[in-house]
Amino acid sequence: MTLAALASGLDARFVEAGGALAQAYQIVETLVKSLEGVTSALDREAAEAAVQDMRAIADRLTRLPAMQARRQAALATISGSGEALRAPMGQFHRTLRFLRICGLNIKVAAAGAAEFSGFADTMFEKIDVAEAQMSSFGHEIDGLSSGISEALAAEKLLAAECTRVIPEVPLRLDRDALALQEHQAGLGELAARIAQVARDIRTKLATALGALQIGDITRQRLEHVVAGLSTLEAAIREGGELEPEELKVIEDHTLALLAAQASDAVEDFRSQARILAQSLRAIGPQATALLALKDAGSAQGAGEGDNVLHVLERSIEEVRSVTGRLQEADELSDRLGTATSSTAESLGRRIAAVQRVKNDVQQMAWNTDLRCRRMGDEGRGLAMIATEIRNFSNHLEMLTNGIAGAFQQLVDAAAEMRAQAEEAGKVDAGRALTASLDCVRDGGKRMDESMSGLDRDAAAVGDILRQTTENVDCDAEIGDALREAVLQLTVAAGEQAPLPESLPVALGTVLGTIHASYTMVSEREIHKRFALTSGEAEAAEAPAPDDDDDDDGLF
């Protein structure tokens, strides 16, 4: 087989190897991206937050009996305060009616006196204001009482659910969440380890792809040798005017140069091909390591993952009825706390208004009593009525103080309800648990999807590496032929004899033509040894403007 045919066959092997390695690189690249997506899914803040939500809900459920006791106590206080307000409110209304009668009596006793009639009319206006305030407040207390009944019913159902599942289920939910967190960490670590091995394989494949240029480099160098032989043959054919000794000098010197080029190219190829084959063989065990990692992690993979998720699902299902009741109770408590606070604020305003009425009536009663005393016997009857008004207004003050005491209890209970609502937050516990489970299930699903084709991918990469290694480790098949071709060229060149002082011009032309074909630094380095003059040697050292030195620089 000719040197040109050997070079062409050699390059074809390396081109095929390059295509195979590119396919392997793409397989590993896809695997790396997939596994990096898994680690991103497993390590993201949402997954961590999901586990924290589960633990927070479990903690709240564990504390739920104590929280419920506080809430029930607040509800009882609100209910008791409402009932406690009804009696003084009823007495307040009766007292206001007595005051109205007193006002009518003043009008009768004053026999139409404008001064006292005006006093009675003003008192009637104040009484109207007080009655309106107390009537409105009564309606608010009635509405609050109906809300308390609904809230107490919800608390009763919640208490029944609590008795059924607390504390066992919340404690188990907390343990399951921790187990899930550990499982996630294990999956993340496994994915990271596999991804790291895959990245190492990807890096070595990229290096091998670059190293495959040795096939193209060797092809070019051998083609340059073949072209040089053609140049030599043409020079000999056209050198009819030259002496036989001159033709022999041209032939021997040129053959020696081409033999040196071919020998260096073949030796460089054999050396680099061996290194490349060794590198490819070193990648093979890493492809096997991917499978070993998967097998080692299979116990904590889909099987254990499914078990952890199923256990957690059962725990969540057991607390779902509790969280549903809890959500209902929370909403009622929130609404009731808001209503109670609103009622308490309204009561505060109404008490202040009633106290102003009481103070005004007392002041009018004192003024009327003073006027009556100045009237002597004629004002004695009016004075007795004024005293009655003053006594009733004092009774109003006592009732107002009692209402204010119940009012403070209502304010404190409302604050407790609002505090519990704020502590509970606005989180739907059942929905949060489901969302948390979906979040971690998504990470497991991504892991399963990424790992599902790992066997196939690793096997494919292994097969490609074996086939590629056989292609590039071709010394046994074509190495002998290459060495034989180089040997024939070396024998034809013979021993490099010293050049005579007078050199044929044609030799310089042949060497110049050969030198112009070079594209490798190594070719020019060898050519310098065969340069005829220092000027030619300097020309051989200078690269051509369009040379591609990077190919040879890889090796």
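Chains are numbered independently. Their residues run from 1 in the order of the written sequence. Where local features are concerned, this predicted model is filtered to residues with pLDDT of at least 70; where side-chain atom pairs are given and counted, the filter is 80 or more; whole-chain, interface and lining totals use all residues. As a rule here, side-chain values come from all non-hydrogen atoms in the structure, and water together with hydrogens is ignored.

Caption draft 1: Representation of the overall build of the chain. If you tally the helices and strands in the chain, you get 15 helices and 0 strands. When checking whether two residues touch, look at their non-hydrogen atoms; a contact exists if any pair is within 4.5 Å. Here the contacts in the chain between residues at least 6 apart in sequence split such that 91% fall between residues at least 24 apart. Secondary structure is summarised from DSSP: a helix means a run of H or I of at least four residues, a strand means a run of E of at least two, and numbering begins at the N terminus for each.

Caption draft 2: A look at the pattern of salt bridges. When a carboxyl oxygen of Asp or Glu lies within 4 Å of a side-chain nitrogen of Lys or Arg, that pair is called a salt bridge. A complete count under the given rule lists 11 salt bridges for this structure. Glu-131 is the partner of Arg-100 in a salt bridge, and the nearest nitrogen-oxygen pair spans 3.1 Å. Highlighted residues: Arg-100 in helix 2 (residues 45-109) and Glu-131 in helix 3 (residues 114-165), separated in sequence by 31 residues. For Lys-248, the salt bridge goes to Asp-252, with nearest N and O atoms at 3.2 Å. One end of the pair is Lys-248 and the other is Asp-252, both in helix 6 (residues 244-297) and 4 residues apart, which spans about a single turn. Only protein chains enter the accessibility calculation, which uses a 1.4 Å probe; a residue is then buried when its area is under 20% of its type maximum, exposed when over 50%, and partly exposed in between. Residue Asp-252 is classed as partly exposed on the basis of its relative accessible area, which comes to 24%. Within the structure, one salt-bridge network assembled from shared partners comprises Arg-100, Asp-128 and Glu-131.

Caption draft 3: Representation of the side chain of Thr-95. By secondary structure assignment, the location of Thr-95 is in helix 2. Beyond its immediate chain neighbours, meaning those up to four positions away, Thr-95 contacts Phe-392, His-395, Leu-396 and Leu-399.

Caption draft 4: Empty space enclosed by the protein, seen in detail. Both cavities and pockets are sets of points on a 1 Å grid over the protein atoms alone; in a cavity a 1.4 Å probe fits but cannot get out, in a pocket the set is open with protein on both sides within 12 Å along at least five of seven lines, and lining residues sit with an atom within 4 Å of a point. Grid points are joined across faces, edges and corners, and a volume is the space filled by probe spheres set on the points. For the structure on display, the rule yields 2 cavities of 30 Å³ or more. The calculated volume of the largest cavity comes to roughly 50 Å³. Every residue along the wall of the largest cavity is listed here: Phe-92, Met-134, Phe-137, Leu-347, Arg-350, Ile-351, Val-354, Thr-400 and Ile-403. Going through the elements one at a time, helix 3, helix 7 (302-374) and helix 8 (380-424) are the ones with two or more residues in the lining of the largest cavity. A total of 4 residues in the lining of the largest cavity trace back to one element, the largest contributor, which is helix 7. When residues are sorted by character, Ala, Val, Leu, Ile, Met, Phe, Trp, Tyr, Cys and Pro go into the nonpolar class, Asp, Glu, Lys and Arg into the charged class, and all the rest, Gly among them, into the polar class. Of the residues in the lining of the largest cavity, the class split is 7 nonpolar, 1 polar and 1 charged.

Caption draft 5: Looking closely at the environment of Arg-70. Assignment of secondary structure puts Arg-70 in helix 2. In this structure Arg-70 comes out as partly exposed when scored by relative accessible area, which is 37%. For Arg-70 and Glu-416, which are 346 residues apart along the polypeptide, the C-alpha to C-alpha distance reads 8.0 Å.

Caption draft 6: Structural detail: the packing of aromatic side chains. Only Phe, Tyr and Trp rings are paired, with Trp represented by its six-membered ring, and only when their centres lie within 6.5 Å; those with planes under 30 degrees apart are stacked, over 60 edge-to-face, the remainder tilted. Counted according to the given criterion, the structure contains 1 aromatic pair. Relative to Phe-392, the ring of Phe-98 has its centre 5.2 Å away and its plane inclined at 20°; by these criteria the two rings are stacked. Taken together, the positions of Phe-98 in helix 2 and Phe-392 in helix 8 put the pair 294 residues apart, joining distant regions of the chain. Relative accessible area serves as the criterion here: at 40%, Phe-98 is assigned to the partly exposed category. A ring is considered to have a charge above it if a Lys NZ or an Arg CZ atom is located within 6 Å of its centre and within 35 degrees of its normal. Over the aromatic face of Trp-366 sits the side chain of Arg-390, whose NZ or CZ is 4.1 Å from the ring centroid.

Caption draft 7: How the structure looks around the environment of Met-384. Within the secondary structure, Met-384 sits in helix 8. Separated by 12 residues in the primary sequence, Met-384 and Cys-372 have C-alpha atoms spaced 9.2 Å apart.

Caption draft 8: Fine view of the confidence of the model for the chain. On average, residues of the chain carry a pLDDT of 76, and 80% of them reach 70 or more. pLDDT measures the predictor's confidence residue by residue and takes values from 0 up to 100. At the low end of the mean pLDDT range in the chain sits helix 15 (residues 550-553), at 41; at the high end sits helix 13 (residues 521-528), at 92. Scored below 50 in pLDDT, residues 534-555 shows 39 contacts in the model against residues more than four places distant or in partner chains.

Caption draft 9: Structural context of the side chain of Thr-400. Inspection of the secondary structure assignment puts Thr-400 in helix 8. Residue classification places Thr-400 among the buried positions, given a relative accessible area of 3%. The term polar contact refers here to a pair of N or O atoms within 3.5 Å; inside protein, the definition further demands a hydrogen-donor-capable atom paired with an acceptor-capable atom, and it admits residues adjacent in sequence only when both atoms are side-chain atoms. Separated by 2.7 Å, the side chain of Thr-400 and the backbone oxygen of Leu-396 make a polar contact. In this structure Thr-400 touches Phe-92, Ile-351, Val-354 and Gln-355, once residues within four positions along its chain are discounted.

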